[in-house]
Amino acid sequence: DLIVIGGGPAGYVAAIRAAQLGKKVACVEADRAGGTCLNWGCLPTKALLKNAELYHVLAHRAAEFGFKIEGLSYDWSTVIGRSRKVSDRLAGGIEFLFKKNKVTWLKGWATIPAAGKVQVGDEVHEAKNIVIATGSEPSSLPGVTVDETIVVTSTGALTLPSIPKSMVVIGAGVIGLEMGSVYARLGTEVTVVEYLDQLLPGMDGEVRKEAAKIFKKQGFNLRMGTKVTGATVKGGMATLTVEPSAGGASETIEADCVLVAIGRRPNTDGLAMEKAGLTVNTRGQIEIGHDFQTNVPGIYAIGDVCPGPMLAHKAEDEGIAAAEFVAGLTGIVNHDVIPGVVYTYPEIASVGLTEEEAKAHASASGSEIKVGKFPMMANSRAKTNRTTDGFVKVIADAKTDRVLGVHIIASIAGSMIAE
Ligand code: FAD
Ligand code: NAI
């Protein structure tokens, strides 16, 4: 009934849900089950963040809580090993779920030679429906060649052979700040080079300002409004050439490691989907209708390969909804209320409109907004836990009180945003 291409959060969830709804399902995955998220994204990064958090508290804040710790150190290969084990176990869990739900895993690379056909190796499989869930991959930067040892993407940053003394992160987005936080808290000197004047594009303006203040206080060297024009590697060191984004004199920065984190692009390379009549938009994404179907009937697309935030829970929800449509039901994802969390310390979480967006909507519709803000400094539990950085900001319609957006910087913002 259904062939799903890609075994990440979008694909594995769609495959399992469709099987649970009584469909005969196969999932094609070229690499390991679990996709970017379980193998090289969400989960292994969160394992490293936990290590970084624990080490930082023990190394720098133990005395505040009355602990005396002498001779604290860490073993890097165990730290990396723990993160890889987390991925291995979770990917194994997906394989188990495939078996349990009778989803056939077709191991290999898929192409779509025609509507209703999927080729894996020499075999052509036929299905009434195809779901494309091929995810995304790191965007590349002209003049900067990734070797995944010294000049790395987030993937290489998860398995560095040793802890670098210095790291330049290109891009002050989610990956740059999360991975930068891991290394900064484990003792690496971190410089972040960002093309725009502010970090975290797309987030609420006040949140962006507060985050910059906090990261600077934590020792991040933030170089905003700066562009990288090239990188060379010699003798185990990288030299980056940078200049002001608006133009001006160039200078060089040396580092043991460079992390390129300037965004991700939808992954449709090598799918040969044009043979089936499928196209991509100017951003490389596959456009879909309300039912997740592409311009070719019977071919659906979900997750990072489609428009919308590149987030695992968005991909998963789309997987469930697309499977429901394939089964003749109606699947719904409310794309207006997808929360996002940046897992730095403190965490940064948001849902709905930013204040800037809410103001623009209000002035276009003749309505008004109101904004409530509460500092963590005045929150008793935050004071007790000594986690007073940040604030909670709620944006609502002034007349109806309808909540339009919530933005939180706080140690546990990622848990609070669900409420
Ligand atoms: P993917 O997970 O990318 O899966 C696509 C799969 O398709 C891959 O396994 C690939 O091998 C396979 N594939 C591609 N083409 C073919 C083909 N032709 N044939 C066979 N197989 C193919 N999101 C969050 O919500 N929270 C986080 O904390 C978070 N942290 C992240 C940290 C990092 C470092 C990164 C890089 C991403 C993070 N994300 C996070 C984003 C999240 O990983 C993605 O949004 C999510 O994985 C998208 O799921 P997907 O199924 O669409 O694609
Ligand atoms: P991003 O879009 O979040 O940030 C990229 C940053 O790089 C932006 O600030 C951008 O202005 C900057 N930039 C672009 N070109 C540049 C250049 N030439 N020089 C300097 N700066 C440049 O992308 P990122 O961080 O790579 O992450 C990709 C996606 O992965 C995220 O958008 C997110 O959807 C997902 N992700 C989610 C996580 C989470 O939910 N916690 C964690 C990590 C990734």
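Owing to the predicted nature of the structure, the values given are computational and were not obtained by experimental measurement.

Engineer: Can you break down the site of ligand 1 residue by residue, with the values?
Structural biologist: Around ligand 1, a shell composed of 38 residues is seen, among which E29, T36, K46, D304 and A312 lie nearest. One nitrogen or oxygen atom from the main chain of A10 is found 2.9 Å from an oxygen atom belonging to ligand 1. For ligand 1, an oxygen atom lies 2.5 Å from a polar atom in the side chain of T36. In isolation ligand 1 offers 1000 Å² of accessible surface; the protein chains occlude 92% of this area. Elements that contribute at least two residues to the shell around ligand 1 include exactly α1 (9–20), β2 (25–29), α2 (35–40), α3 (42–60) and α8 (312–326). Per element, the largest residue contribution to the shell around ligand 1 is 4 residues, and it comes from α2. Tallied by class, residues from the shell around ligand 1 come to 18 nonpolar, 15 polar and 5 charged.

Engineer: Account for the packing of aromatic side chains, naming residues and giving values.
Structural biologist: As enumerated under the stated definition, the model contains 5 aromatic pairs in all. The interplanar angle of 50 degrees and the centroid separation of 5.8 Å between the aromatic rings of W76 and Y183 together place this pair among those described as tilted. Of this pair, W76 sits in helix α4 (residues 76–100) while Y183 is found in helix α6 (residues 174–185), placing the two residues 107 residues apart along the sequence. According to the relative accessible area criterion, Y183 is buried, its value standing at 0%.

Engineer: Which residues make up the sheet that holds strand β19 (residues 340–342), and what values do they have?
Structural biologist: Strands in a sheet are paired, the pairing made by backbone hydrogen bonds, and the direction either parallel or antiparallel. Taken together, the 5 strands give an open sheet; going across it, the order is β19-β20-β23-β22-β21, and neighbouring strands pair in antiparallel fashion. At either margin of the open sheet sits one strand with a lone partner, and together these are β19 and β21 (369–375). Taking the axes of each pair of neighbouring strands and ignoring which way they run, one obtains an average angle of 10 degrees across the sheet. Sheet analysis places strand β20 (residues 347–352) next to strand β23 (residues 403–410), joined by 6 bridges and oriented antiparallel. Within the sheet, the bridge partner assigned to V351 lies in β23 and is V406. Those strands touched by helix α9 (residues 355–365) are β20, β21, β22 (391–397) and β23, and its axis lies near 165 degrees from that of β21.

Engineer: Describe the site of ligand 2, with residues and values.
Structural biologist: Not every one of the 22 residues close to ligand 2 is listed here, only the nearest: I175, E178, E194, M310 and V341. Take E194: an N or O atom from its side chain is 2.6 Å from an oxygen atom of ligand 2. Backbone polar atom of Y195 to a nitrogen atom of ligand 2: 3.2 Å apart, as the coordinates give it. In the complex, the protein chains occlude 78% of the 850 Å² of accessible area that ligand 2 would expose alone.

Engineer: Any chance you could break down the state of the cysteines for me, citing the residues and the numbers?
Structural biologist: Considering all chains together, one arrives at 1 disulfide under this definition. Note that C37 is cross-linked by a disulfide to C42, the S-S spacing being 2.3 Å. Its S-S torsion of approximately -125 degrees makes the covalent link between C37 and C42 left-handed. Exposure remark for C37: the relative accessible area of 9% places this residue in the buried category.

Engineer: An account of unusual backbone geometry is requested, with residue identities and associated values reported.
Structural biologist: For the bond from Y345 to P346, the omega torsion is -5 degrees, close enough to zero to count as cis. Notably, A272 is not glycine yet its phi reads approximately 55 degrees, a positive angle. Turning to its location among the elements, A272 is positioned in the loop between β17 (264–266) and β18 (299–301). Despite not being glycine, R386 shows a phi value in the positive range, around 60 degrees.

Engineer: Explain the nonpolar core residue by residue, including any values.
Structural biologist: Residues Y183, L199, L200, F215 and I348 are the most contacted members of the largest nonpolar core, which totals 38 residues. Among the elements of the structure, α3, α4, β10 (166–170), α6, β11 (189–193), α7 (205–217) and β16 (257–260) are those that each provide at least two residues to this core. Sequence-distant contacts of F215, that is, excluding residues within four places in its chain, are made with L177, S181, L199, F220, L222, T344, Y345 and I348. Y12, A14, L38 and A322 belong to the second largest nonpolar core, which has 32 residues in total.

Rules of the game
- Residues numbered from 1 in each chain as written.
- Chains lettered and ligands numbered in written order.
- Predicted model: local features only at pLDDT ≥ 70, side-chain atom pairs only at ≥ 80, totals over all residues.
- Heavy atoms only, no water.
- Near = heavy atom within 4 Å.
- Polar contact = N/O pair within 3.5 Å; in protein donor to acceptor, adjacent residues only side chain to side chain.
- Areas by Shrake-Rupley, 256 points an atom, 1.4 Å probe, with all protein chains shown as cover.
- Helix = DSSP H or I, 4+ residues; strand = E, 2+ residues; numbered from the N terminus.
- Nonpolar A, V, L, I, M, F, W, Y, C, P; charged D, E, K, R; others polar.
- Phe/Tyr/Trp six-rings, centres within 6.5 Å; stacked < 30°, edge-to-face > 60°.
- Buried < 20%, exposed > 50% of the residue type's maximum accessible area, 1.4 Å probe, protein only.
- Pairing = 2+ DSSP bridges.
- Axes fitted to C-alpha atoms, helices over the stretch in contact; angles between N-to-C directions.
- Contact = heavy atoms within 4.5 Å.
- Disulfide = S-S within 2.5 Å.
- Core = buried A, V, L, I, M, F, W, Y, C linked by side-chain atoms within 4.5 Å.

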